[in-house]
Amino acid sequence: MATPLHFGFFSSFSAPAWHAPDDRMFGDDWPSGGYHSWLARRVEAAKFDFLFFEDTSGVSRINNESIDTDLRYALSAPKNDPVALITYLSAVTERLGLVATASTSLYPPFLLARLYSTIDSLSRGRAGWNIVTSSENESAQNFGQDALLPTQQRYDKAEEFVEVVSKLWGSWDADAVVKDLANNVYTDSSRVRSIDHAGEHFKVRGPLNTYPSPQHRPVFAQAGGSPRGRDFAAKHAELIMSVTIGGVEAMKEFREDIHARMRAHGRDPREARIVYALHPHITENVSTFRRSITDEQLVPVLGKHGAHLGVDLLTYDLDRPFPTDVEASGTTSMLTSLKEKGRRGITLREAIIDFHWGDDELGSIGPASSIAENLISAMDEAGGDGYIFMATQDANRAVIDGIIDELVPELQRRGAMRTDYAGSTFRENLFAF
Ligand SMILES: Cc1cc2nc3c(=O)[nH]c(=O)nc-3n(C[C@H](O)[C@H](O)[C@H](O)COP(=O)(O)O)c2cc1C
């Protein structure tokens, strides 16, 4: 490959695969940051662009019912705060980008602007913000709201949120701190201004009160799947993540659509990097892998995705197609995809395996060398800038070692993955090629 791709590693500040049959209680020190500092160092040594943390802020009541399923299988809780975690990880890494999710439906914008500015300084320019609007009412109910706003209004609020935090990060010129001993001036007040924002959702006077950080603002990441979500990503994001459901055709359609939307917003498509999320599974035994996935393994996966969807997937028959008439308030694009697969007669079992372990079409299951070949050829065909490898609740040591010790060298040998960092900030590395 002439130009390397960009790679991220997806994680969650929650228990890794504590129930993996061959490696029980792996990463059990996760609440103290122990497991994730090990992971961050490994991911950095492998020269990934970034380590990514998803987030949600509540204990799920699937179908407004009991919190038992969530807690029993450690689906969305217990989970600690990833914003605090990346602060800690910034001290144990040097070059790795650190992305934490924070929701525009839950945070006050000033608090978020101040936090990410601080983390960007602490990490010497490696902070990234994954912008989400949230999909669970349980989170909203912990922040004084009865429920999340309907999707369109959630995105309207997100638009205003991004406007406010951008104004806040822009409220200090990069050179505002002059430290002029001769004239006894630390900060030149003519280079700092209030923002006086008064909108539909937020009222913020400004200016921000933090020291201008190396990147000035975190790298904006986003993973909108619906048309409105895609438009939001195209307008604002520098790192856009998408699922690989539907294989190369869907990836291509996504990229073309994002690029068209970027141009419509007056942006050059090169201003964003598009990466596709998948779960590479390294195994010599390709044909039996899918059949080897047990119901015990599927239960937490169904629970987790069900919580995002707002549908209790555990109540549906795994061996029948997912019904096409289900309505829900959560993640729109995944529901659409499940129903579409259902319409084509694909069982819920197959659909959820595709969704979670990666579409067979892309060839992300198999020996490391063939996964590397497949990922490269999918990217050649579909276009795009790289991948984010997902391994959370089923991330045991074997899965992580497989990705880092087997797949990464195969990618590097083929010139598809960098072997060193070019820049010092996350943004420099993300846009180095
Ligand atoms: C790689 C990736 C990471 C995501 N992380 C989160 C997250 O941490 N929290 C969250 O609420 N949603 C997360 N999502 C969901 C998206 O933000 C978005 O809601 C979803 O892609 C559906 O898009 P839509 O809301 O426009 O339909 C993630 C999606 C992807 C593909």
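Since the structure is predicted, the reported quantities are computational estimates derived from the model, not experimental observations.

A. Representation of the pairing of strand E1 (residues 6–12). Judged by how many residues are buried, E1 sits mostly within the fold: 7 of 7 residues are covered. Neither face of E1 is open: one carries His6, Gly8, Phe10 and Ser12, the other Phe7, Phe9 and Ser11, and all of them are buried. Here E1 runs beside strand E14 (residues 386–390); their pairing, made up of 5 bridges, is parallel. The residue of E14 that forms the bridge with Phe10 is Met390.

B. Broad picture of the site of the ligand. Around the ligand lies a shell of 20 residues, among which Asp55, Tyr155, Ala223, Gly225 and Ser226 are the nearest. Contact between the ligand and Ala223: an oxygen atom at 2.4 Å from a main-chain N or O atom of the residue. Interatomic distance of 2.6 Å between a side-chain N/O atom of Ser226 and an oxygen atom of the ligand. Protein burial of the ligand: of its 610 Å² of free accessible surface, 90% is covered by the chains. Listed by contribution, the elements that provide at least two residues to the shell around the ligand are strand E2 (50–54), strand E4 (127–132), strand E10 (239–243) and helix H11 (332–343). Partitioned by chemical class, the residues of the shell around the ligand number 7 nonpolar, 10 polar and 3 charged.

C. View of the packing of helix H1 (residues 34–45) against helix H14 (residues 397–413). Axis separation between H1 and H14 bottoms out at 11 Å; the angle between their running directions is 20 degrees. Viewed along their axes, H1 and H14 adopt a mutual orientation that is roughly parallel. Relative to H14, the crossing made by H1 is right-handed. On H14, the residues touching Tyr35, Trp38, Leu39, Arg42 and Val43 of H1 are Arg397, Ile400, Asp401, Ile404 and Asp405.

D. Structural context of the pattern of salt bridges. According to the stated counting rule, one finds 27 salt bridges in the structure shown. We note a salt bridge from Asp257 to Arg230, for which the minimum N-O separation is 2.8 Å. Of the two residues, Asp257 sits in helix H8 (residues 247–264) while Arg230 sits in helix H7 (residues 227–236), which places them 27 residues apart along the sequence. Per residue, the accessibility class of Asp257 equals that of Arg230, and both read buried. Taking the shortest distance from any N to any O, the salt bridge between Glu373 and Arg414 comes out at 2.8 Å. One end of the pair, Glu373, is in helix H13 (residues 368–382); the other, Arg414, is in the loop between H14 and helix H15 (426–430), with 41 residues separating them in the sequence.

The rules we used
- Every chain is numbered on its own, with residues counted from 1 as its sequence reads.
- Two thresholds apply to this predicted model, a pLDDT of at least 70 for residue-level local features and 80 or more for giving and counting side-chain atom pairs, whereas whole-chain, interface and lining totals are computed over all residues.
- As a rule here, side-chain values cover all heavy atoms of the structure and leave hydrogens and water aside.
- Under the scheme applied here, a residue whose accessible area is under 20% of the maximum for its type counts as buried, over 50% as exposed, and between as partly exposed, the area being computed with a 1.4 Å probe on protein chains only.
- Only DSSP runs of H or I with at least four residues qualify as helices, and only runs of E with at least two residues qualify as strands; both kinds are numbered from the N terminus onward.
- Criterion used throughout: strands pair if DSSP finds at least two bridges between them.
- Throughout this document, a residue counts as near a molecule or strand when at least one of its heavy atoms sits within 4 Å of that molecule or strand.
- Any pair of N or O atoms that falls within 3.5 Å is considered a polar contact. Within protein, one atom must be able to donate a hydrogen and the other to accept it, and sequence-neighbouring residues count only if both atoms are side-chain atoms.
- Per-residue and other accessible areas were derived by the Shrake-Rupley procedure at a 1.4 Å probe size, with only the shown protein chains allowed to occlude residues.
- In this count, Pro and Cys sit with the nonpolar residues alongside Ala, Val, Leu, Ile, Met, Phe, Trp and Tyr, while Asp, Glu, Lys and Arg are called charged and the others, Gly among them, polar.
- The convention used is that axes are lines fitted to C-alpha atoms, helices contributing only their stretch in contact, and that angles between N-to-C directions extend from 0 to 180 degrees.
- In this scheme, roughly parallel covers angles under 35 degrees and roughly antiparallel covers those over 145, while 65 to 115 is roughly perpendicular and the rest are oblique.
- By definition, turning the near helix anticlockwise from the far helix through less than a right angle yields a left-handed crossing, and turning it clockwise yields a right-handed one.
- In what follows, residue pairs with any heavy atoms lying within 4.5 Å of each other are defined as contacts.
- The salt bridge definition used is simple: a Lys or Arg side-chain nitrogen within 4 Å of an Asp or Glu carboxyl oxygen.

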